[in-house]
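If you want the building blocks of each chain, they are given just below.
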Amino acid sequence: MDLNRFIDHTLLSASATSADIKKLCEEAVTHNFYAVCVNSSYTETAKAYLKGSQVKLAATVGFPLGAALAVSKIEEARKAVLEGADEIDMVINIGFLKDGKKAEVEEEITAIKNTIGNKVLKVIIETCYLSEKEIRLACEMALKAGADFVKTSTGFGSRGASLEDIRIMREVVGVRMKIKASGGIRDARTAMEYVELGVDRIGTSSGIKIVSENPERL
Ligand SMILES: O=C[C@H](O)COP(=O)(O)O
């Protein structure tokens, strides 16, 4: 199993520099990762470093809290696509979801999807803060809004993805939407468990470690 093609090679830390982004992109090209995932302010920088490669570029929106104004998130997504993002990883407004403001949450996802046109939209629901019922609801909303992926976590919450999250999410979306597992996936064995469970993408800042581990030891 070629795990590299499942991996969004991710660097979202607040202190990441242009040099760190350059290194991330070079690693992604070397290991033929599916994509790199960066904060939106680095879209243009990463695009330049990925020039001529097959590696896709994912930019985050409303990251990591999801609590910014919808207009800010929409504009952030618009600008990221303009600067070359192939994919947008947006965080939903988690508080609004918990408040039962379903229309607001769904309208925001829909507006971002409409703004980015044919680019891929991943909706981060931050499962660590949600009950099972809320996970189901968030998946239904992402589905209804026409998103391409539902994604577990930012990697900045109280925990990352769990296998149980994926089971619940798959039960709701079936084959109608893809699933990205992210946050806390740090070794090849764990990555493989997610792939075997049917996730379509893995977001991780441990991509190099994952692909470097000897598969025979798995
Ligand atoms: O979206 C991906 C996550 O931010 C990566 O989280 P991680 O640093 O725990 O691998």
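Everything numeric here is computed off the predicted structure, so don't read it as measured data.

Peer 1: Whenever I open this one, the pairing of strand S7 (residues 178-182) confuses me. Can you help?
Peer 2: The side chains of a regular strand alternate between the sheet's two faces. Burial analysis of S7 places four of its five residues in the buried class, the great majority of the element. Judged from the three bridges that link them, S7 and strand S8 (residues 201-204) form a sheet pairing that is parallel. If you follow Lys180 over to S8, its bridge partner there is Arg201. After leaving S7, the chain enters helix H8 (residues 188-196) and then returns to the sheet as S8, a path that is right-handed.

Peer 1: Could you clarify how one ought to interpret the packing of helix H5 (residues 102-116) against helix H6 (residues 132-144) in this entry?
Peer 2: For any two helices packed against each other, one specifies the inter-axial angle together with the distance between the axes. Two elements in contact, H5 and H6, have axes whose closest approach is 9 Å; the angle formed by their N-to-C orientations is 45 degrees. Classified by the angle between their axes, H5 and H6 sit oblique to one another. Remark: the crossing between H5 and H6 carries right-handed chirality. Note on element contacts: H6 touches H5 through Met141, Ala142 and Lys144, opposite Lys102, Val105, Glu106 and Ile109. Of the residues assigned to the contact of H5 with H6, the class counts are four nonpolar, no polar and three charged.

Peer 1: In this structure, what is going on with H8? I would like to understand it.
Peer 2: Given 3.6 residues to a turn, an α-helix orients residues that are three or four positions apart in the same direction. When we look at burial in H8, the residues that qualify are Ala188, Ala191 and Tyr194. Along the axis of H8, the buried positions cluster into a sector of 120 degrees, meaning they face one direction only. For H8, the exposed residues set more than 90 degrees away from the buried face come down to Arg189 and Glu196. Gly198 lies just past H8 and shows a positive phi near 105 degrees.

So, how was this worked out
- Residues numbered from 1 in each chain as written.
- Predicted model: local features only at pLDDT ≥ 70, side-chain atom pairs only at ≥ 80, totals over all residues.
- Buried ≥ 20, exposed ≤ 12 C-beta atoms within 10 Å, placed from the backbone.
- Helix = DSSP H or I, 4+ residues; strand = E, 2+ residues; numbered from the N terminus.
- Pairing = 2+ DSSP bridges.
- Right-handed = clockwise from strand over helix to strand, strands pointing away.
- Axes fitted to C-alpha atoms, helices over the stretch in contact; angles between N-to-C directions.
- Parallel < 35°, antiparallel > 145°, perpendicular 65-115°, else oblique.
- Left-handed = near helix turned anticlockwise from the far one by under 90°.
- Contact = placed C-beta atoms within 7 Å.
- Nonpolar A, V, L, I, M, F, W, Y, C, P; charged D, E, K, R; others polar.
- Arc of directions from axis to C-beta.

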